[in-house]
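Okay, here's what each chain looks like letter by letter:
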Amino acid sequence: MKEAREGNQGWFLPYFRQFFWQFAVAALLGTLAVACAGALLYTSGYLISRSALKPENVLMVYVPIVLVRAFGFSKAVIQYLERLVGHDAALRVLSRMRVRLYQAIEPQAQLLRTRFRTGDLLGVLADDIEQLQNVYLRFVLPAVSAVLLYGAGIVALGRMDGMFALLMALYCGFLLFVAPAVVLWSSIAKSRRFKQERQAAYRELTDAVFGMSDWILSGRTQQFLQLFTRRQKSAAQIENSIRRGEWRVQWMSQCAIGGAIVLLVIWAGGLAAANQIPATLIAAIGLVAFPLMDAFARISDAVVRMPEYKESLGRLREIEGGRPASVEAQKEKVADQAGGSLKLDHVHFRYPQASGWSVQDVSFEVAQGGKIALLGRSGAGKSTILNLIRGAIQPEAGQVTVNGQPVQSEEDSACLFSVLNQQPYLFDTTVANNIRLGRPDASDEEVRAVTAQVGLDQLIESLPDGYQTRMQETGLRFSGGERQRIALARILLQNKPIVLLDEPTVGLDPLTERDLMTTIFRVLHEKTLIWVTHHLSGVEQMDEVIFMEQGVISMRGTHEQLYQDNPRYRNLYTLDCPLASVMEI
Ligand SMILES: Nc1ncnc2c1ncn2[C@@H]1O[C@H](COP(=O)(O)OP(=O)(O)OP(=O)(O)O)[C@@H](O)[C@H]1O
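This structure is a prediction, so every number in the text was calculated from the model and none was measured.

Peer 1: Now, about the overall build of the chain: what can you tell me, with residues and values included?
Peer 2: What the chain contains, in helices and strands, is 22 helices and 10 strands. Counting only residues that meet the buried cut, the chain has 45% of its 585 residues in that class. Restricting the contact set of the chain to residue pairs at least 6 apart, pairs at least 24 apart contribute 73%. Split by element, the accessible area of the chain, about 31,100 Å² in all, is 58% carbon and sulfur.

Shown next as structure tokens:
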């Protein structure tokens, strides 16, 4: 519940509320620390002026001496306490934010890879959360202290001289409110451009690292280096411009502080001339402005970073936006979708940069346990259909539904589909663990049972350590067919209602291919099957055979129908399976 509430209200307010009192104490301590610094300079100014008049006795300046010591000491202690309380609260917020970010990322790790490039994700993990703690420490706390000091200072001045208090209220108000707004406005555009350039550089670097050998082999290393250097230079120029802006702000703030001090000294001089205050207070009043004005000017410095904080917040919200509502909701969904009926209803899909449809007006329906073969030349749209079924891409028109529910994302469909593709990967761990990848909590008996089902039990038991043999120690490399059988055993452990077979027999000799397909059809006979293949051998076992051509269905029907009525199909089948066709005749 608490988590859901945090999710609804963003990444800032919930934590601010949770640690309100700690932040309030830190802000008060910060205000007190600046007030002590002001009092220290005030008493110091008075002490210097008074001492310059050669007091008859040291006791005449004893009180200001004690006060200078007391304020100097208290300023250090209060500042220390303020840092302690403020950083303690900010670090607690940081740790909660990290847990929340992890909880948002973990369930959608697979999906995130389709929504963010790796470089972006690294940037998110490294920067964003850390950035947010600075919102509290560098902006919120100093801003609250500055506003409190501003109010107290103007009230104090107002008791002495209403007109001058009004003048200083406008002057300091400009420094405290108007200048930061102007700085914020001017830094937003620059920051956005800088982030875009830097992220593009991250992405290009990430791509280049993954495809390094291709860059080198194609002899384009220099081209990549030039491109990357250009991108870096452009980002560096924008960053320099932002830094120059910051220096300009600091320089103008210092000028404004100087101006305020001159104004105060002139005003105090006027009061002294009118005998309203002793002349020894002129320096004291001038000096007191230093720490106060410094606290006001700090807000403009902090505001320069606001666009970065905003962007970090936006990205965190975007990541969290993809999180499933809750694990429980996900489980309920799985329970609801236990069946395996599938329907494609007038589905159209076009890749972003492509001119034509990759899949156009495709409709078919498979009941629970039904079996469909998808055939077609390379580029006909078969893989695109599989991706549409899995929810990895969304149709531009039409709908893909499983058990009557639209498939909205790969994450949604993870509980429904298993995929057997061309090259299952075997990890560098034991044989049992490689099979258990399908369901990590499967018992040894379950692992043995599925291994026997796929016909690998004897081979594995003959290995030196049986199921505990590590992959690289097997002494033999599993053949293509055996790898597919291990992947099939994983699928049996997963026990999902729909299995997508994406040309699992590519590269196998015809005999191994036939054996593997026989095993697949035997062990998966209860499952809904969508089988993408280039061969017609085995299609007799399918309920429907669908041929794709340039994204549209060009031929469809049961094997028997097509064989009887369609000379083209008969021709293809005869070419692909000469023996089978002779036997059928
Ligand atoms: N990411 C992409 N961007 C643009 N066009 C794409 C993309 N992926 C595929 N296509 C195009 O979509 C069409 C269908 O491709 P698809 O990969 O679905 O074909 P296929 O039948 O699975 O081919 P193969 O048997 O070679 O895997 C092709 O014209 C292909 O060029």
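Peer 1: Could you give me a rundown of the site of the ligand, with the residues and numbers involved?
Peer 2: The environment of the ligand is formed by Tyr 351, Ser 358, Arg 377, Ser 378, Gly 379, Ala 380, Gly 381, Lys 382, Ser 383, Thr 384, Glu 503 and His 534. About the coverage of the ligand: the protein hides 58% of its 630 Å² of free accessible area. The residue makeup of the shell around the ligand, split by class, is two nonpolar, seven polar and three charged.

Peer 1: Please set out the sheet that holds strand β2 (residues 359-366) residue by residue, giving values where relevant.
Peer 2: Adjacent strands of a sheet form backbone hydrogen bonds with each other and so pair up, either parallel or antiparallel. Pairing in this open sheet of four strands is antiparallel, and the strands run β2-β1-β4-β5 from one edge to the other. Of all the strands in the sheet, just β2 and β5 (405-406) have a single pairing partner and so form its edges. Judged from the five bridges that link them, strand β1 (residues 342-349) and strand β4 (residues 397-402) form a sheet pairing that is antiparallel. Looking at the pairing, Leu 342 lines up with Val 402 of β4.

Peer 1: Can you lay out the packing of helix α16 (residues 444-453) against helix α18 (residues 480-494) for me, pointing to particular residues and giving the numbers?
Peer 2: Where α16 contacts α18, the two axes come as close as 9 Å, and the packing angle between them is 125°. Regarding the angle of α16 to α18, the classification is oblique. As for the relative orientation of α16 and α18, their crossing is right-handed in sense. The segment α16 lies against α18, with Glu 446, Val 447, Val 450 and Gln 453 engaging Ala 489, Leu 492 and Leu 493. Partitioning the contact of α16 with α18 into residue classes produces five nonpolar, one polar and one charged.

Peer 1: Give a detailed account of a nonpolar patch on the surface, specifying residues and quantitative values.
Peer 2: A contiguous nonpolar patch, built from Phe 73, Val 77, Tyr 80, Leu 81 and Leu 84 and spanning about 510 Å² of accessible area, is present on the exposed surface. Within the secondary structure, Leu 84 is located in helix α4 (residues 62-105).

Peer 1: Break down the pattern of salt bridges for me, with residues and values.
Peer 2: Under the definition given, this model contains nine salt bridges. For Asp 88, the salt bridge identified is with Arg 92, shortest N-O distance 3.0 Å. With Asp 88 and Arg 92 both in helix α4 and four residues apart, the pair spans about one turn of that helix. What makes Arg 92 partly exposed here is its relative accessible area of 43%. In this structure, Arg 568 engages Glu 549 in a salt bridge whose closest nitrogen and oxygen atoms are separated by 3.5 Å. Here Arg 568 is found in helix α21 (residues 567-576), whereas its partner Glu 549 is found in strand β9 (residues 544-549), with 19 residues between them in sequence.

Peer 1: Tell me about the pairing of strand β3 (residues 371-376), residues and numbers included.
Peer 2: Burial analysis of β3 places six of its six residues in the buried class, the great majority of the element. Alternating residues of β3 divide into Lys 371, Ala 373 and Leu 375 and Ile 372, Leu 374 and Gly 376, and every residue in both groups is buried. In this sheet, strand β8 (residues 528-532) lies alongside β3 in parallel orientation, the contact comprising four bridges. Within β8, the residue paired with Ala 373 across the bridge is Trp 531.

Peer 1: Summarise the sheet that holds strand β7 (residues 498-502); cite the residues concerned and give the values.
Peer 2: Taken together, the six strands give an open sheet; going across it, the order is β6-β7-β8-β3-β9-β10, and neighbouring strands pair in mixed fashion. The open sheet has two edge strands with one neighbour each: β6 (417-420) and β10 (552-557). Shown here is a sheet whose adjacent strand axes are inclined to one another by a mean of 20°, direction ignored.

Peer 1: I'd like a description of the confidence of the model for the chain, backed by residues and values.
Peer 2: In the predicted model, the chain carries a mean pLDDT of 82, and 86% of its residues have values of at least 70. The low-confidence segment residues 1-8 (pLDDT under 50) makes 10 contacts with residues lying over four places distant or belonging to another chain. In the predicted structure, residues 323-337 sits below a pLDDT of 50 and forms 16 contacts with residues beyond four places in sequence or in another chain.

Peer 1: Before we move on, could you go through α16 and cite the residues and values that matter?
Peer 2: Taken as a whole, α16 has its buried residues at Val 447, Val 450 and Thr 451. Mapping the buried residues of α16 onto a view down its axis gives an arc of 105°, with all of them on the same face. The inward-facing, buried residues of α16 contact α15 (431-436), α17 (457-461) and α18. Positive backbone phi, approximately 80°, marks Gly 455, located one or two places after α16.

Peer 1: Go over the nonpolar core, please, and point to the residues and values.
Peer 2: Counting 64 residues, the largest nonpolar core has Trp 11, Met 97, Trp 267, Met 293 and Phe 296 as the members making the most contacts within it. For this core, the elements supplying multiple residues, two or more each, are α3 (20-52), α4, α6 (118-160), α7 (162-210), α9 (221-273), α10 (281-303) and α11 (306-321). Beyond its immediate stretch of four places on either side in the chain, Trp 267 contacts Leu 157, Met 160, Asp 161, Phe 164 and Ile 285. Ile 460, Ile 520, Phe 521 and Leu 524 belong to the second largest nonpolar core, which has 46 residues in total.

Peer 1: Can you tell me about unusual backbone geometry, naming the residues and giving the values?
Peer 2: Backbone phi values are negative for most residues with the exception of glycine, while trans is the configuration of most peptide bonds. For Asn 275, which is not glycine, the phi dihedral falls at a positive 60°. Considering the arrangement of structural elements, one finds Asn 275 in the loop between α9 and α10. With a relative accessible area of 69%, Asn 275 lands in the exposed category.

Peer 1: Can you lay out α3 for me, pointing to particular residues and giving the numbers?
Peer 2: With 33 residues, α3 extends 48 Å from end C-alpha to end C-alpha; this agrees with the ideal 48 Å at 1.5 Å per step. Positive backbone phi, at 50°, marks Lys 54, one or two positions downstream of α3.

Peer 1: Give a description of the packing of α9 against α10 that names residues and reports values.
Peer 2: Taken N-terminus to C-terminus, the directions of α9 and α10 make an angle of 155°; their axes are 9 Å apart at the nearest point. Here α10 runs roughly antiparallel to α9, going by the angle between their axes. The element α9 and its partner α10 pack so that their crossing is right-handed. Tallied by class, residues from the contact of α9 with α10 come to 16 nonpolar, five polar and two charged.

Peer 1: Go over the environment of Arg 436, please, and point to the residues and values.
Peer 2: Structurally, Arg 436 is set in helix α15. A residue is classified by how much of its surface remains accessible, and Arg 436, at 13% relative accessible area, is buried. It is 9.1 Å that separates the C-alpha atoms of Arg 436 and Gln 494, two residues lying 58 residues apart in sequence. Within the structure, Arg 436 has its side chain in polar contact with the side chain of Asp 444 (distance 2.5 Å).

Peer 1: Give a detailed account of the packing of aromatic side chains, specifying residues and quantitative values.
Peer 2: By the definition in use, this model includes 13 aromatic pairs. Between the aromatic rings of Phe 16 and Phe 20, the centroid separation amounts to 6.1 Å while the plane-to-plane angle is 85°, which identifies the pairing as edge-to-face. The partly exposed category is assigned to Phe 16, whose relative accessible area is 22%. The partly exposed category is assigned to Phe 20, whose relative accessible area is 37%. On the basis of an interplanar angle of 90° and a centroid distance of 5.7 Å, the ring pair of Tyr 150 and Phe 177 is categorised as edge-to-face. One end of the pair, Tyr 150, is in helix α6; the other, Phe 177, is in helix α7, with 27 residues separating them in the sequence. Among the aromatic side chains, those forming a connected cluster through ring pairs are Phe 16, Phe 20, Trp 21, Phe 23 and Tyr 136. The ring of Trp 357 has Arg 350 lying over it, and the distance from NZ or CZ to the ring centre is 4.2 Å.

What counts and how
- Residues numbered from 1 in each chain as written.
- Predicted model: local features only at pLDDT ≥ 70, side-chain atom pairs only at ≥ 80, totals over all residues.
- Heavy atoms only, no water.
- Helix = DSSP H or I, 4+ residues; strand = E, 2+ residues; numbered from the N terminus.
- Buried < 20%, exposed > 50% of the residue type's maximum accessible area, 1.4 Å probe, protein only.
- Contact = heavy atoms within 4.5 Å.
- Areas by Shrake-Rupley, 256 points an atom, 1.4 Å probe, with all protein chains shown as cover.
- Near = heavy atom within 4 Å.
- Nonpolar A, V, L, I, M, F, W, Y, C, P; charged D, E, K, R; others polar.
- Pairing = 2+ DSSP bridges.
- Axes fitted to C-alpha atoms, helices over the stretch in contact; angles between N-to-C directions.
- Parallel < 35°, antiparallel > 145°, perpendicular 65-115°, else oblique.
- Left-handed = near helix turned anticlockwise from the far one by under 90°.
- Patch = residues over 30% accessible without salt bridge, like charges linked within 9 Å, V, L, I, M, F, W, Y side chains within 5 Å.
- Salt bridge = Lys/Arg side-chain N within 4 Å of Asp/Glu carboxyl O.
- pLDDT = per-residue confidence, 0-100.
- Arc of directions from axis to C-beta.
- Core = buried A, V, L, I, M, F, W, Y, C linked by side-chain atoms within 4.5 Å.
- Expected span 1.5 Å × (residues − 1).
- Polar contact = N/O pair within 3.5 Å; in protein donor to acceptor, adjacent residues only side chain to side chain.
- Phe/Tyr/Trp six-rings, centres within 6.5 Å; stacked < 30°, edge-to-face > 60°.
- Lys NZ or Arg CZ within 6 Å of the ring centre and 35° of its normal.

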